[in-house]
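# Architecture at a glance
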Amino acid sequence: MTSRDGYQWTESSGLVKGVPSIGVIQPPTNIKDEQAIYDVIVVGAGYCGLTAARDAALSGLKVLLLEARDRIGGRSWSSNIEGYPFELGGTWVSWGQPHVWREISRYDMRNELEISHDYSRGVNHFSLNSASGSRNMSHEDEDRLMESALNKFANVDGQHGRTVMPFPHSESYSPEAAKYDKMSVADRMEQIKDDLSPDEHTVLLGFVLLCSCSTPEKTSFYEYLHWWALCNYSYEYCIEYLIKYKFKGGQSSFAINFFKEACATGRLSYAFNTPVATIKDNGSDVQVTARDGKIYKAARLISAIPMNILKDVAFSPALIPGKLDASNREHVNKCVKIHAEVRDRDLRSWSGITYPNNSLMYAIGDGTTPSGNTHIVAFGGSHNNIQPEKDINKTMQALQTLTPMDIERVVFHNWADDEFAKGAWFFSPPGLVTEHLEDLRAPQGNMYFANSDWAVGWRSFIDGAIEEGTRAALAVKRDIDRTRFAHL
Ligand code: FAD
């Protein structure tokens, strides 16, 4: 099936909107009784909503899943084009991520992973393009340079941040760490600028801004330290956990298992192509109205929609001020992720950073397509003015600036312009997490709020989405049981 989301360009077809995905659900609804009253309505079928719907249905609750798009997966989905899965959103997973690994293990998908990079053949080098010129170096030299720069950046305590954030999966961050949320990446760069070589300066910003896909001024230093702590305070584990292991069949081959398991309970109703417009908690039940005017009712609601668009749904009673403020301020990640299928086989072992003089700043050889071409994945932030669907030629120029390549196909999803995400993975501006994490996590009456954007552990990741979906389903089940069995 072809989703409305995503774009593909080839010389013969030009730019075409919509790409095929096994995550597209047909028929789009299985609702039989329009008047049914559910135990819980879950809004959003990303990993968080899928987990919440599945767990709630498994626990015996009658569930309705409403999703605006024509597919599951939200910000993590893959398109299978000519036998090759291009990841349009979330991609890499790892056994260092506890919730995602439990699911990979549960669905017996441990052997479905592969390694993104392959340095066994081809050019086997890293290209560094900075303001002062460009040169290639070995991947060993790349690692040494990165490690040195990242260690200096995180070394706020003489122990590479270990004493500042000793429990990265803990909700109660230490007052010691909270002060770093007042700092931006630009502030931290200013503190260490005399310790950095020009190359360290370039790769550091290339890497840190790959994490946020924003500017140094808008990127919270605290949030970066949180990622660093999750990655065992080391560059080696940043690579291991963030950018190494992916599904051979693409993310949608993973997400579909959640959906199928929920369906198999016989307790899941669903409707895709159903953007929710209003959510009203009447005290005794919750009423959801879709944009097409259809009304759905349940005892409880789980909103699994992202932070940047919470403000676009009319909640009654209104969202508490902290939730609304966070949604209005928005997280800063406006990533544009571009896939290029290129005829140059030797680029399989290439990676590169071009900063600051290009709208795409980081790219790696990520796979080999069935026809033997190399798959390159590149990242840029839309603050750099990259709008691939508006100017595909400019986008291809940006790819060529990373390294010369013979492009056969380009595939992408512009998350910045996506009305149901308004951004890519969560990355906070200074202050937002310490001010509003608790607000974002708080339930309001019969309405529960869950999303990767406010997970406590791997916030911003698929793991965090599953953490949150698990939390919400359990809270709703306990709440409903408390009401049902109050007389016992
Ligand atoms: P979402 O996936 O955003 O799900 C929310 C759902 O709600 C969506 O399906 C949306 O359509 C729906 N929705 C929104 N509004 C409405 C409405 N009004 N009515 C009905 N439905 C609505 N994570 C990793 O772990 N590894 C990676 O390598 C990685 N790379 C990434 C690369 C990119 C380009 C992006 C965008 C993300 C990446 N992430 C990665 C992050 C990861 O994809 C997300 O954190 C995770 O998928 C979020 O899941 P979620 O369910 O919390 O939210």
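The rules behind the values
Residues take numbers from 1 onward in each chain, read along the sequence in its written order. Local features in a predicted model are, by the rule used here, given only for residues with pLDDT of at least 70; side-chain atom pairs are given and counted only at 80 or more, and totals for whole chains, interfaces and linings are based on all residues. Neither water nor hydrogens contribute to the side-chain values; these are computed over all heavy atoms in the structure. If even one non-hydrogen atom of a residue comes within 4 Å of a molecule or strand, that residue is called near it. Nitrogen and oxygen atoms within 3.5 Å of one another constitute a polar contact, given that in protein one can donate a hydrogen and the other can accept it, and given that sequence-neighbouring residues count only through two side-chain atoms. Methods summary: accessible areas were calculated by the Shrake-Rupley approach with a probe of 1.4 Å, and residue burial reflects only the protein chains presented. Note on conventions: DSSP H or I runs of at least 4 residues are helices, E runs of at least 2 residues are strands, and numbering of each starts at the N terminus. Residue polarity is assigned by list, with Asp, Glu, Lys and Arg as charged and Ala, Val, Leu, Ile, Met, Phe, Trp, Tyr, Cys and Pro as nonpolar; anything else, Gly included, falls into the polar class. Categorising residues by exposure relies on relative accessible area from a 1.4 Å probe, with only protein chains included: less than 20% of the type maximum marks a residue as buried, more than 50% marks it as exposed, and the intermediate range marks it as partly exposed. At least two DSSP bridges between two strands are required for those strands to pair. To get an axis, a line is fitted to the C-alpha atoms, and for a helix only the part in contact is used. The angle between two axes follows their N-to-C directions and goes from 0 to 180 degrees. Contacts are residue-level and defined by heavy atoms, with any inter-residue pair within 4.5 Å sufficient. Any angle that is under 35 degrees is reported as roughly parallel, and any over 145 degrees as roughly antiparallel; angles of 65 to 115 degrees are reported as roughly perpendicular and all others as oblique. UniProt positions are given in the numbering used here, feature names are shortened, and annotations may be inferred rather than shown by experiment. Between 30 and 60 degrees the pair is tilted, below 30 it is stacked and above 60 it is edge-to-face, where a pair is any two Phe, Tyr or Trp rings, Trp via its six-membered ring, whose centres lie within 6.5 Å. Counted as over-ring charges are cases with an Arg CZ or a Lys NZ within 6 Å of the ring centre that also lie within 35 degrees of the ring normal. Those domain boundaries reflect an automatic or database domain assignment. Accessible area, probed at 1.4 Å, shrinks when two parts are joined; the buried area is that loss added up over both. By convention in these notes, a salt bridge is any Lys or Arg side-chain nitrogen within 4 Å of a carboxyl oxygen on Asp or Glu.

Quick look at the site of the ligand now. Residues in close proximity to the ligand total 37 residues, the closest being Glu67, Arg75, Ser76, Val276 and Ile462. Asn451 is positioned with one of its side-chain polar atoms (N or O) 3.1 Å from an oxygen atom of the ligand. About the coverage of the ligand: the protein hides 98% of its 1000 Å² of free accessible area. Contributing elements (two or more residues each) for the shell around the ligand: helix 1 (47–58) and helix 14 (462–484). Taken together, the residues of the shell around the ligand sort by class into 21 nonpolar, twelve polar and four charged.

Further remarks concern the pairing of strand 17 (residues 351–354). Side-chain alternation along strand 17 places Ser351 and Ile353 on one buried face and Gly352 and Thr354 on a second face that is also buried. The pairing of strand 8 (residues 126–130) with strand 17 spans four bridges and is classified as parallel. Among the inter-strand pairings, Leu128 is bridged to a residue of strand 17, identified as Ile353. With three bridges connecting them, strand 17 and strand 18 (residues 362–368) associate as antiparallel partners. Bridge pairing in strand 18 links Ser351 to Ile364.

Below, the discussion takes up the sheet that holds strand 8. With mixed pairing, the nine strands of this open sheet are ordered in space as 2-1-20-16-19-18-17-8-9. Since the sheet does not close on itself, it has two edges, and those belong to strand 2 (14–17) and strand 9 (133–137), each with one partner. Across the sheet, the mean angle separating the axes of adjacent strands is 20 degrees when strand polarity is ignored. Contacting strand 8, strand 9, strand 17 and strand 18, helix 3 (residues 139–154) runs over the sheet at an angle of about 115 degrees to strand 9. Along the sheet, helix 6 (residues 198–212) contacts strand 8, strand 9, strand 17, strand 18 and strand 19 (374–381); its crossing angle with strand 8, the most-contacted strand, is approximately 100 degrees.

The interhelical angle for the contact between helix 2 (residues 98–106) and helix 14, taken along N-to-C directions, is 85 degrees, at an axis separation of 7 Å. Accordingly, the angle class assigned to the pair helix 2 and helix 14 is roughly perpendicular. Contact residues: Pro98, His99, Val100 and Glu103 in helix 2; Ile462, Asp463, Ile466 and Glu467 in helix 14. Residue composition of the contact of helix 2 with helix 14, by class: four nonpolar, one polar and three charged.

The sites that carry the UniProt feature "binding site: substrate" (unreviewed entry) are, in the present numbering, Phe379. You can see Phe379 is positioned in strand 19. Each residue touching Phe379, except ones within four places of it in the same chain, is listed here: Trp92, Leu210, Cys335, Val336, Lys337, Leu360, Met361, Tyr362 and Trp425.

With that settled, consider the packing of aromatic side chains. Applying the stated criterion across every chain yields a total of 24 aromatic pairs. Both rings, one in Tyr270 and one in Phe272, keep their centres 5.7 Å apart while their planes meet at 65 degrees; by these two values the pair is edge-to-face. We classify Tyr270 as buried; its relative accessible area is 8%. Ring centres of Trp458 and Phe461 lie 4.9 Å apart, and the angle between their planes is 85 degrees; on these two criteria the pair is classed as edge-to-face. Given the relative accessible area of 14%, Phe461 is considered buried. Put simply, the rings of Trp227, Tyr237, Tyr241, Phe427, Trp458 and Phe461 touch in pairs and so form one group of aromatic residues. A cation sits over an aromatic face here: Arg106 above Tyr107, 5.3 Å from the ring centre.

This brings us to the domain arrangement of the protein. Its domain assignment divides the protein into domain 1 (2–77 + 251–330 + 422–486) and domain 2 (121–245 + 336–414). The distance between the C-alpha centroids of domain 1 and domain 2 comes to 30 Å. Looking at the side of domain 1 facing domain 2, the largest losses of area belong to Trp9, Phe427 and Trp458, adding up to 27% of the total buried there. On the surface where domain 1 and domain 2 come into contact, there are one salt bridge.

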